[in-house]
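# Observations on the model geometry
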Amino acid sequence: MLRTSGREKVLRYALMLLVLALTVGPFLWQLSTSLKDTTEDIYTSPPRFLPQHPTGHNYAEVADTIPVWDYALNSLKVATAAVLTNLVGAAMAGYALARLRFRGRRAAGLAFVLALLVPVESIVIAQLTLVRDLQLNNTLVAVVLPGSVSALNVLLMRNAFAALPYEIEEAAVIDGANAWQRFLRIALPSVRGTLAVVAIFAFMGAWDDFLWPLIVLSDQHRFTLTVGLNYLHGTFTQNPRLVAAGTVIAVSPLVVMFACLQRYFFRGVGEGAVKG
């Protein structure tokens, strides 16, 4: 077993602290800004991280400026629907690509890989035209529809199912289990970690999406949180404390969800790792 020298340990920890500062630092700064009173200068030099007089007034003012809780409820509806559709659709598609034998399976798998290479901005006009033809414009269903089954999630599920031993399913076939029984009773319970990864990715993608809801929604009562928070930026005035408070409100559900599913998440990364 190779031993790590003291210099290498110091370098590793220094790099870890640097990455931590770059990733978590901006969120902590926004949290600090959201708790600062209007009498405190947030542009002081050198910057002061901790607020002198912490207050929750900025969060109350966000709720007075925009219907933030109504927007959050709309985002929750969209994100919950995206999680459910991705769990069901990606699991079934991934199982079919990994375990079932049918004509065109490789072509279908290649289509999902190619779908990852297509920028969202290049197909947004086609998506908008389709939504209008379906008469779903300005509805939350239209917000969910394009991301209802992600190609990345399908590939994650496909690789997770492909890693399962075939002997287990062969024994189930001998016992008379059909494809649905093998899928529900054997395959799904074995890839719970990857299902958690899919749930997190789907929730984050739907919750953080800004461009598509901004395009497809015109009724303010149906705005998602990311679109609604944009109204905290005034044309002639802007309060960075309110923007920071709105940012913290928007990020908090993601932090809570990851904290609840992190045990399954790290296990699922190994289950659904893309193989060469």
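Residues numbered from 1 in each chain as written. Predicted model: local features only at pLDDT ≥ 70, side-chain atom pairs only at ≥ 80, totals over all residues. Heavy atoms only, no water.

This part takes up the environment of L145. Secondary-structure assignment places L145 in the loop between α6 (140-144) and α7 (151-162). Here L145 falls in the partly exposed class, since its relative accessible area comes to 36%. Each C-alpha atom, one on L145 and one on T224, is 15 Å from the other, the two residues being 79 residues apart in sequence. Beyond its immediate stretch of four places on either side in the chain, L145 contacts L134 and L136. (Helix = DSSP H or I, 4+ residues; strand = E, 2+ residues; numbered from the N terminus. Buried < 20%, exposed > 50% of the residue type's maximum accessible area, 1.4 Å probe, protein only. Contact = heavy atoms within 4.5 Å.)

Here we come to the packing of helix α3 (residues 68-99) against helix α4 (residues 105-115). Interaxial distance between α3 and α4 falls to 9 Å at its minimum, and their mutual angle equals 135 degrees. In terms of their interaxial angle, α3 and α4 are classed as oblique. Regarding α3 and α4, the two cross each other, and that crossing is left-handed. Contacts between α3 and α4 involve A96, L97 and A98 on the former and, on the latter, R105, A108, G109 and F112. Considering only residue class, the contact of α3 with α4 consists of five nonpolar, one polar and one charged. (Axes fitted to C-alpha atoms, helices over the stretch in contact; angles between N-to-C directions. Parallel < 35°, antiparallel > 145°, perpendicular 65-115°, else oblique. Left-handed = near helix turned anticlockwise from the far one by under 90°. Nonpolar A, V, L, I, M, F, W, Y, C, P; charged D, E, K, R; others polar.)

Function cannot be read off these values alone, since they describe shape.
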